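Residues per chain, in single letters:
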Amino acid sequence: MAIIQLLSIFCIICVPMEVMGKNGNASASSPRPSVVNVGALFTINSVIGRAAKPALEAAVDDVNSDSSILPGTKLNLITLDTNCSGFIGTMEALQLVENDVVAAIGPQSSGIAHVISHVVNELHVPLLSFGATDPTLSALQYPYFLRTTQSDYFQMFAIADLVTYYGWREVIAIFVDDDYGRNGISVLGDALAKKRCKISYKAAFTPGASNSAINDLLVGVNLMESRVYVVHVNPDSGLKIFSVAQNLGMVTKGYVWIATDWLPSLLDSIQPVDVNTMNLLQGVVALRHYTPDTDLKKRFMSRWNSLKYKNTTGPAGFNSYALFAYDSVWLAARALDAFFNDGGRVSFSDDPKLHDRNRSSLHLSSLRVFNGGQQYLQTILRMNFTGLSGQIQFDLDKNLVHPAYEVLNIGGTGMRRIGYWSNYSGLSVVAPETLYRKPYNTSTSNQQLYPAIWPGENSETPRGWVFPNNGKPLRIAVPNRVSYKDFVAEDKNPPGVRGYCIDVFEAAINLLPYPVPHTYMLYGDGKRNPVYNELVNGVAQNKYDAAVGDVTIITNRTKIVDFTQPYMESGLVVVAPVKEVKSSPWAFLKPFTVQMWCVTGAFFLFVGAVVWILEHRINHEFRGTPRQQLITICWFSFSTMFFSHRENTASTLGRMVLIIWLFVVLIINSSYTASLTSILTVQQLTSRIEGIDSLISSTEPIGVQEGSFAWNYLIDELNIAESRLVKLQNQDEYFSALKRGPKAGGVAAIVDELPYIELFLSSTNCKFRTVGQEFTKSGHFRGTPLLQSTCPPPSSNSLKMVIFKKFITNG
């Protein structure tokens, strides 16, 4: 295997002809050799090869006929055929590397490209590949590998955007198990994960698999839940998938098939259109490399008919790989011209690490290092020109700029374009080059495609999943409560459970337009309330598919499972005993403090004195003996409280003072009346526990419902000693513990969720009540979305139903 990998390195090679003999340690040439050989190694009789060969020949002819490129230097194309064999490809590569190499074009196979990349790294020879789309070839491990086509990295993100656009959450990947297939699907998994989607199953098959092997694979796939299939195979054998799928009835209504660029490349190559082939593909959505319709491209395509049968073994149908192959030659030629203009020279040196082993006939010493390889590589990376496939320019990751794809929908005898994808704007019905002039925008609201026709001539977007045909219903966990059974409890009658939560869940199930087989599984021994954290962990560990019940949504649980939307918000409350407060005979004095009473009385006397000063000289009602005048002042002052003063004011200033004072008296009377009313009607019940803060500061025991998250919450979040907490199982224990109190072995208060407390208080005849405000995580009051109860009391019209991990609509 090591020898084969080494031999399969050299697919397409540029060999300068004017060099010194190979017996020397180094060779030098003139700045511009008269001939440079361009080696090409690929499978000629293949979908990609039949398009690439005439394109390569045309490119070489065009370069040689253009006096502005490589003046005085001629490109000579050397083409070798691998015949779809790694071993033969290795042998053919050896023939090419027997000559000194300055550049390599190819190969079309990602697997062979991996091997060749190691050799060109050692020999400092840039490798330009028009067909190897494996994303891992862009790694820093292969500095001399340059891709002149689009990487599958972008294509897989385009598929992820398609899946998200149509609202699917899971896909099944069908791929050929080689470097091209495995690495592409690996990127697809990462791209889907960023969209909160996933590959539910990876269906791999060996290269060249038989129809029976593919049949067994698809039969297993068809038993699974997802009906969205992403097919990533090579174009020469990909139609086997659809042929077998049609025989199995898997290309009908409800199925979704998404093919990568291999399928359009195959269909573009078939001339004329094969009706039988198209019948296999009705409703399939596929991606094709997008190349702008420039005048340069149109002129080349008009020449294609005169090129396509040139030295080929079969019909050379045109596809996008012909454009990439053509541009690869021009890229090598333009870079080589710039290399010479910058003073670059073609020279080679022996590599001391390459020498013939004893009794070896591999002639490794014939391989020599291109001294100007690094300079030539940097020249290629700086190239920027417009080719047949669009702009030829590399980004920092050595990928071509502006990756874009056409989104095609196969129907009838052709392919209909329903939109485009680019990493600049995502899915759009507008051509990418138009969007490049607008601001960057990949938001979800900006995604748009024309309607598609799906398998079975279905115009409605398929749901993308069905319940698997393996007879396994959903396993629904239900807490087996011993208290508050109105929410959820065991039942002797089918379906085995009852309660408000179950009623709402069943009502939701009945509204769905498709059957949802499910079975309820009780969680708990029925002797005490189950620990809900353990129930949640059971769902997270796939012991159950979902859970229904009065389960609280808290932060830690949302990290491992998914919840439905709650019906209402609620938090923890404190309930404590209360006693009735008897009214005091002196309650009428409570609205004002002593200071307020004193200040008010002083102002009454002060106002009376002011009015007397202003009136006694001109108003006989304020005259008399000193004793009579003092009585008049006091009487006038306090009679204004009830607006019953008898004395009239004669002076203007006196009247002004009286008007202002009467307004103040009105405010005092109103405040007094309101305060007294509140005291006599509201403050009838009192408790020495005022809320969670006073409860924390005390040392008295606190009751907590058994199995509730409140136990850990009080210990971990509020730092209450565990020794203070008392587990209570049911409402009777609630009542008994609160009635006894802490001195008789009971509790000072109970901390529980509001829905349970409301149900408890409805049967206590006002002997207990909630104190303080509702609180949630970190002591915040209502409004902080950190803690949400899952179920209100049965008397309410709303109920929160929680289903973990796999909601009934599959996400």
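This text goes with the structure placed above it.
Note that the structure is a prediction, hence the values are computed from the model and not measured.

Help me understand the packing of aromatic side chains, please; the structure alone is not making it clear to me.
The description of an aromatic ring pair uses the distance of the two centres, along with the angle that the planes make with each other. Counted by the stated rule, this structure contains 33 aromatic pairs. Aromatic side chains Y321 and F324 sit 6.3 Å apart centroid to centroid with 70 degrees between the ring planes, which places their arrangement in the edge-to-face category. Taken as a pair, Y321 and F324 lie in helix 12 (residues 320-341) at a separation of 3 residues, close to a single helical turn. On the basis of relative accessibility, which here comes to 5%, the residue Y321 falls in the buried class. Classification of F324 as buried rests on a relative accessible area of 3%. Ring-pair connections join several aromatic residues into one group, and the members of that group are Y484, F487, Y734, F735, Y756, F760 and F768. Above the ring of F385, the side-chain terminus of R334 is found at 4.6 Å from the ring centroid. One Lys or Arg, R463, reaches over the ring of W465 and ends 5.1 Å from the middle of that ring.

Even after reading the chapter, I still don't get the environment of M383, so can you show me in this structure?
Mapped onto the elements of the fold, M383 is located in the loop between helix 13 (373-381) and strand 15 (385-387). Spatially, the C-alpha atoms of M383 and A335 are 6.8 Å apart, while their sequence positions differ by 48 residues.

What exactly am I supposed to notice about the pattern of salt bridges here?
Once their charged atoms are close, side chains differing in charge can pair, the charge on each being opposite to the other. The full count for this structure, using the stated rule, is 15 salt bridges. K53 serves as the salt-bridge partner of E57, at 2.5 Å between the closest nitrogen and oxygen. Residue E57 and its partner K53 are both found in helix 2 (residues 47-65); the two are separated by 4 residues, about one turn of the helix. For the pair E57 and K53, a shared accessibility class is recorded, and that class is buried. The shortest N-O distance in the salt bridge between D161 and K195 comes to 3.0 Å. Taken together, the residues D161 in helix 5 (residues 152-165) and K195 in the loop between helix 6 (179-194) and strand 9 (198-205) connect sequence positions 34 residues apart. Overall, the relative accessible area of 13% leaves D161 in the buried class. When its relative accessible area of 35% is taken as the criterion, K195 is described as partly exposed. Via salt bridges that share partners, D268, R288, E406 and R417 belong to a single interconnected network.

Explain helix 12 here, please?
For the α-helix, the turn length of 3.6 residues means that residues three or four positions removed from each other point alike. The end-to-end C-alpha distance of helix 12, which contains 22 residues, comes to 32 Å, matching closely the 32 Å that a straight helix rising 1.5 Å per residue would cover. Here helix 12 lies mainly inside the structure; 20 of its 22 residues are buried. One or two steps after helix 12, the chain reaches G343, where phi turns positive at roughly 90 degrees.

Where do I start with the sheet that holds strand 30 (residues 725-728) in this structure?
Taken in spatial order, the 5 strands of this open sheet run 30-29-31-26-32, and their pairing is mixed. Here the strands that pair on one side only, and so sit at the sheet edges, are strand 30 and strand 32 (768-775). Strand-to-strand, the axes of this sheet are offset by a mean angle of 30 degrees, without reference to chain direction. One ladder, built from 3 bridges, connects strand 29 (residues 702-705) with strand 31 (residues 749-753); its direction is parallel. Note that in strand 31 the partner of G703 across the bridge is I750. Where helix 24 (residues 754-761) meets the sheet, it contacts strand 26 (572-577), strand 29, strand 31 and strand 32, and its direction lies at approximately 125 degrees from that of strand 31.

Hey, could you run me through the environment of Q391 in this one?
Within the secondary structure layout, Q391 lies in strand 16 (residues 390-392). With relative accessibility at 31%, the residue Q391 sits in the partly exposed group. Sequence separation between Q391 and T291 is 100 residues, and the spatial gap between their C-alpha atoms is 9.3 Å. Look past the residues within four positions of Q391 in its chain and what remains in contact with it is N384, F385, T386, V401 and H402. At 3.2 Å, the side chain of Q391 and the side chain of N384 are in polar contact. Of the polar contacts made by the side chain of Q391, one reaches the side chain of Q393; its length is 2.5 Å.

Explanation requested: empty space enclosed by the protein in the structure shown.
Empty space among the atoms becomes apparent when a probe as large as a water molecule is rolled across them. Applying the stated rule across the entire model yields 6 cavities of 30 Å³ or more. Approximately 90 Å³ is the volume found for the largest cavity. Around the largest cavity, the lining residues are R481, Y532, D550, T552, R557, Q705, E706, G707, S708, F709, E753 and Y756. Grouping the constituent residues of the lining of the largest cavity by class yields 3 nonpolar, 4 polar and 5 charged.

Mind showing me how you'd approach the environment of P264 here?
Within the secondary structure, P264 is located in helix 9 (residues 262-269). The class for P264 is buried, based on a relative accessible area of 0%.

How do you make sense of the packing of helix 2 against helix 12 when you look at a structure like this?
Two measures define how a pair of helices packs: the angle their axes make with one another and the distance between the axes. Remark: helix 2 packs on helix 12, axes separated minimally by 7 Å, with the N-to-C direction vectors making an angle of 35 degrees. Where helix 2 crosses over helix 12, the handedness of that crossing is right-handed. Of the residues in helix 12, those touching helix 2 at I48, A51, A52, A55, L56, A58, A59, V60, D62 and V63 are Y321, A322, A325, Y326, V329, W330 and A333.

Reading the values: the criteria
- Residues numbered from 1 in each chain as written.
- Predicted model: local features only at pLDDT ≥ 70, side-chain atom pairs only at ≥ 80, totals over all residues.
- Heavy atoms only, no water.
- Phe/Tyr/Trp six-rings, centres within 6.5 Å; stacked < 30°, edge-to-face > 60°.
- Helix = DSSP H or I, 4+ residues; strand = E, 2+ residues; numbered from the N terminus.
- Buried < 20%, exposed > 50% of the residue type's maximum accessible area, 1.4 Å probe, protein only.
- Lys NZ or Arg CZ within 6 Å of the ring centre and 35° of its normal.
- Salt bridge = Lys/Arg side-chain N within 4 Å of Asp/Glu carboxyl O.
- Expected span 1.5 Å × (residues − 1).
- Pairing = 2+ DSSP bridges.
- Axes fitted to C-alpha atoms, helices over the stretch in contact; angles between N-to-C directions.
- Contact = heavy atoms within 4.5 Å.
- Polar contact = N/O pair within 3.5 Å; in protein donor to acceptor, adjacent residues only side chain to side chain.
- 1 Å grid on protein atoms, 1.4 Å probe; cavity = no way out; pocket = protein on both sides within 12 Å on 5 of 7 lines; lining within 4 Å.
- Points joined across faces, edges and corners; volume = space filled by probe spheres on them.
- Nonpolar A, V, L, I, M, F, W, Y, C, P; charged D, E, K, R; others polar.
- Left-handed = near helix turned anticlockwise from the far one by under 90°.

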